[in-house]
Amino acid sequence: MSQNESLNTPPGDEPEVPNTPWISRRALLKAAGVLAGAGALGIAAFTLTKRHVVESARSLLSIPSPTDAAPAIPAGATPNVEGLGSVITPVDSFFRIDTSMDPPVVDVATWQLSIYGRVSNKMTLTYNDLLALPSIERYATLSCVSNSIGGDLIGTQLFQGVRLTDLLDKAGVHRDGTLILGESVDGFTAGFPTDFLKQSPDAMVAYAMNGQPLPTDHGFPARLVVPGLYGYVSATKWLSGIKLTTLADDPPYWVNKGWLADGTIQAASRIDVPRRGTEVKAGAVGVGGRAWTHLGGVRSVEIKVDDGDWQVADLADPIGDNTWRLWSYTWNATPGDHTLTVRMTNQNGTQQSDTPHDVYPGAASGLHTIAISVN
């Protein structure tokens, strides 16, 4: 579960600064002009919705090359199993869970990010300020705590942004600033322990997915991405503030509603193909899916047919430390009705829990099992 920029330069037709690939002063003024024009014409005369106008401004933006780029995806990252989706989730099908029926649409020309609270140096950043800082590019798997066993409220994408630790180092976090509270423009909050950044050094204020500005529905102009944590404690979209505080003083939105404050991602795995309830022909059947864990990666995946012994599946090449890993298995299917069950073990040797547990108050557990008919 998960749940505006300022222009300080006076208008002018100044030449664009060479080697400045992010949004130039001229482009930002054009974006602001589009929005100002929309307001002047009035709703009756201006047929585009605010979303369309913001998207027009967003199309003028250009993302700088990352200072620290992600490595290329290995050729063997997606197994050759018919029907198995890519290791990277397409942007247009990346899951969304929001607290609002009408997600915010933010004007990039007036957005600001404030870093404040228990810090020595309060900071206010504009969009250009953010894009001018050194950036990292990382593949990350994000998951919703509401994801059921075998569910699809999870996805992997390429994110680019500024390391959260870089920003907090500049702000100077006080020792009693034990909670990082992300604040959205719509009032939503998500928070996690400051110390968690020691485990997740690639946590970032992200402004790009797949090399493009964040989609409006996924938090444009900026969001938090914290590998290893469920979104309900970390993935603040339409980010407007980062407050250093304490859990007692500022309980986040979902924690205040009874969900666990510890939002560490639990080890899990699922079978993607064949689909539950489908019929397959007897003989060699390609089975495939994906597995994920807190941090550090997947060590092994095993498959069990009916009540048989566990069999080791083949792991695809990893694409990063903080992502799921795809797997495959060739099943010699015999006629009849069967069940397939999957489980994973992480790099520390810890096996995912086989104890069934509902999602509330802190993530489902259990093994994904599907029924298959073979003829």
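Residues numbered from 1 in each chain as written. Predicted model: local features only at pLDDT ≥ 70, side-chain atom pairs only at ≥ 80, totals over all residues. Heavy atoms only, no water.

### Some points on helix α2 (residues 50-58)
All of the buried residues along α2 are Val53, Val54, Ala57 and Arg58. Take α2 and look down its axis: the buried residues cluster within an arc of 145°, on one side only. (Buried < 20%, exposed > 50% of the residue type's maximum accessible area, 1.4 Å probe, protein only. Helix = DSSP H or I, 4+ residues; strand = E, 2+ residues; numbered from the N terminus. Arc of directions from axis to C-beta.)

### Comments concerning the packing of aromatic side chains
Evaluated as defined, the whole model comprises 10 aromatic pairs. Each ring, one from Trp254 and one from Trp259, has its centre 6.4 Å from the other, and the planes form 80°; the classification is edge-to-face. Since its relative accessible area comes to 16%, Trp254 is described here as buried. Taking relative accessible area as the criterion, Trp259 reaches 11% and is therefore assigned buried. Clustering of aromatic rings is evident, with ring pairs tying together Phe188, Tyr232, Tyr253, Trp254, Trp259 and Tyr360. A cation over a ring is seen here: Arg58 above Phe220, with NZ or CZ 6.0 Å from the ring centre. Here Lys257 stacks its cationic end above the ring of Tyr253, 5.0 Å away from the centre of that ring. (Phe/Tyr/Trp six-rings, centres within 6.5 Å; stacked < 30°, edge-to-face > 60°. Lys NZ or Arg CZ within 6 Å of the ring centre and 35° of its normal.)

### Some words on the pattern of salt bridges
Counted by the stated rule, this structure contains 14 salt bridges. Close ionic contact of Asp217 with Arg96 constitutes a salt bridge, the shortest N to O distance being 3.7 Å. With Asp217 in the loop between β8 (212-213) and β9 (223-225) and Arg96 in the loop between α2 and β1 (113-117), this residue pair connects regions lying 121 residues apart in the sequence. By relative accessible area, which is 23% here, Asp217 ends up partly exposed. (Salt bridge = Lys/Arg side-chain N within 4 Å of Asp/Glu carboxyl O.)

### Considerations on the nonpolar core
Tyr127, Leu130, Phe159, Leu164, Val205 and Ile242 are the most contacted members of the largest nonpolar core, which has 79 residues in total. At six residues, strand β7 (residues 204-209) tops the list of elements feeding residues into this core. Filtering out sequence-adjacent residues up to four positions away, Leu130 remains in contact with Trp111, Leu125, Val162, Val205, Tyr207 and Ala222. By size, the runner-up hydrophobic cluster in this structure holds 20 residues, among which are Val287, Val301, Ile303 and Tyr329. (Core = buried A, V, L, I, M, F, W, Y, C linked by side-chain atoms within 4.5 Å. Contact = heavy atoms within 4.5 Å.)

### Comments concerning the sheet that holds strand β6 (residues 189-193)
On the basis of which strands lie adjacent, the open sheet formed by five strands has the order β2-β1-β10-β5-β6 and mixed pairing. In the strand order of this sheet, the two ends are held by β2 (123-125) and β6, each with one partner. Neighbour-to-neighbour, the strand axes of this sheet turn through a mean angle of 15°, independent of strand direction. With four bridges joining them, β1 and strand β10 (residues 239-245) adopt parallel strand pairing. Within β10, the position partnered with Ser114 by the bridge is Gly241. Its contacts with the sheet place helix α4 (residues 164-171) against β1, β2, β5 (179-184), β6 and β10, and it is angled at close to 135° to β2. (Pairing = 2+ DSSP bridges. Axes fitted to C-alpha atoms, helices over the stretch in contact; angles between N-to-C directions.)

### A closer look at the confidence of the model for the protein
Mean pLDDT over the protein: 88, with 87% of residues reaching 70 or higher. Contacts of residues 4-47 to residues separated by more than four positions or lying in other chains number 65 contacts, the stretch itself having pLDDT below 50. (pLDDT = per-residue confidence, 0-100.)

### Focus on the side chain of Asp98
Mapped onto the secondary structure, Asp98 falls in the loop between α2 and β1. In terms of polar contacts, Asp98 uses its side chain to reach the side chain of Arg96, at 2.7 Å. Only 2.6 Å separates the side chain of Asp98 from the side chain of Lys237, close enough to count as a polar contact. (Polar contact = N/O pair within 3.5 Å; in protein donor to acceptor, adjacent residues only side chain to side chain.)

### Side note on the environment of Gly85
Tracing the backbone through its elements, the reader meets Gly85 in the loop between α2 and β1. In this structure Gly85 comes out as partly exposed when scored by relative accessible area, which is 34%. The sequence separation of Gly85 and Asp272 amounts to 187 residues, and the corresponding C-alpha distance is 8.2 Å. Apart from residues no more than four positions distant in its own chain, Gly85 is found in contact with Thr78, Arg290 and Leu326.

### Focus on the sheet that holds strand β11 (residues 268-273)
Within the open sheet, the four strands sit side by side as β11-β13-β17-β16. Their pairing is antiparallel. Looking at the sheet topology across the chains shown, the edges are occupied by β11 and β16 (314-315). Looking at chain direction, β16 and strand β17 (residues 325-333) are connected through two bridges and run antiparallel. When the bridges of β17 are listed, Leu315 appears paired with Trp327.

### Re the pairing of β7
Walk down a regular strand and you will see the side chains alternate between the two sheet faces. For β7, the buried fraction is high: six of the six residues fall into the buried class. Taken together, the five bridges between strand β4 (residues 154-163) and β7 define a ladder with antiparallel strand orientation. What sits directly across from Val162, in β7, is Val205. Sheet topology places β7 next to β9; three bridges connect them, and they run antiparallel. From the neighbouring strand, Met204 faces β9, where its bridge partner is Val225. Pairing between β7 and β8: two bridges, direction antiparallel. Bridging from a neighbouring strand, Ala208 pairs with Pro213 of β8.

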